[in-house]
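Spelled out, the chains give:
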Amino acid sequence: AWVSSGKNAVFLGGYPTLNAMNQLFGFQLEYVPFTPGPYWRNDRNVRGTPFQYGPDRLENTKTAVYGVTIDSIPITGYSMYDTYRDSAVFYIKYNLGIVCYLG
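Counting restarts for each chain, with residues numbered from 1 along the sequence as it is written. Local features are withheld for residues below a pLDDT of 70 in this predicted model, meaning they are given only at 70 or higher, and side-chain atom pairs are given and counted only at 80 or more; totals for whole chains, interfaces and linings count all residues. Neither water nor hydrogens contribute to the side-chain values; these are computed over all heavy atoms in the structure.

S.K.: What is the right way to look at the pattern of salt bridges in this model?
M.R.: Within this document, salt bridges are pairs made up of a side-chain nitrogen of Lys or Arg and a carboxyl oxygen of Asp or Glu, the two lying within 4 Å of each other. Within the structure shown, the criterion is met by four salt bridges. Arg57 is the salt-bridge partner of Glu59, the closest N and O atoms lying 2.5 Å from each other.

S.K.: Just checking my understanding: could you explain helix α1 (residues 15-25) for this structure?
M.R.: For an α-helix, 3.6 residues make a turn, and residues three or four places apart therefore share a direction. Buried residues are those whose accessible area, probed at 1.4 Å on protein chains only, stays under 20% of the maximum for their type, while exposed residues exceed 50% and partly exposed ones sit between those limits. Strands here are runs of E lasting at least two residues and helices are runs of H or I lasting at least four, both read from the DSSP assignment and numbered beginning at the N terminus. Along α1, the residues that are buried comprise Thr17, Leu18, Met21, Asn22 and Phe25. Projected onto a plane normal to the axis of α1, the buried residues spread over an arc of 140° and lie on a single side. Away from its buried face, by an angle of more than 90 degrees, α1 presents the exposed residues Pro16, Gln23 and Leu24. In what follows, residue pairs with any heavy atoms lying within 4.5 Å of each other are defined as contacts. Those residues of α1 hidden inside the fold are in contact with β1 (8-12), β2 (31-32), β5 (67-69), β7 (86-94) and β8 (97-102). Taken from the helix axis, the directions to the C-beta atoms give the arc we talk about.

S.K.: Explain the pairing of β7 to me, please; I cannot follow it from the model alone.
M.R.: Regular strands have side chains that alternate between both faces of the sheet. In terms of residue burial, β7 counts as a mostly covered element, since seven of its nine residues are buried. With two bridges joining them, β5 and β7 adopt antiparallel strand pairing. Paired with Thr69 across the bridge in β7 is Asp86. Here five bridges tie strand β6 (residues 77-82) to β7, and the two strands are oriented antiparallel to one another. In the strand pairing of β7, Gly77 is matched with Ile92. At least two bridges found by DSSP between two strands is the condition for calling them paired. Remark: three residues form the turn of the hairpin made by β6 and β7, two consecutive strands paired antiparallel; Tyr84 in that turn has positive phi of roughly 75°. With six bridges joining them, β7 and β8 adopt antiparallel strand pairing. Among the inter-strand pairings, Lys93 is bridged to a residue of β8, identified as Ile98. In textbook terms, the turn of a hairpin is the stretch between consecutive antiparallel strands, and for β7 and β8 this stretch comprises two residues, one of which, Asn95, has a positive phi near 55°.

Set out below in structure tokens:
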């Protein structure tokens, strides 16, 4: 109800987090075990968001990045950084609010 009323929720990466998002919001996000980057900024989706001012790509040289398959992001969601198959940063509109994931 909190997010539905117009608030935003930010989740940080990992399987337990994605599982919680699926259970809390009824998503069917498909976890992808570590996928080496870089993750490229998706210029089609970042316009009008704070991500439009982010770097062109995200590297993962020292830590693992956990994402989801782009196809599992609901239709109201947008990938901000991805490998064109797996998304490491995305957000999903949920009623009046937004659920954001940073892998």
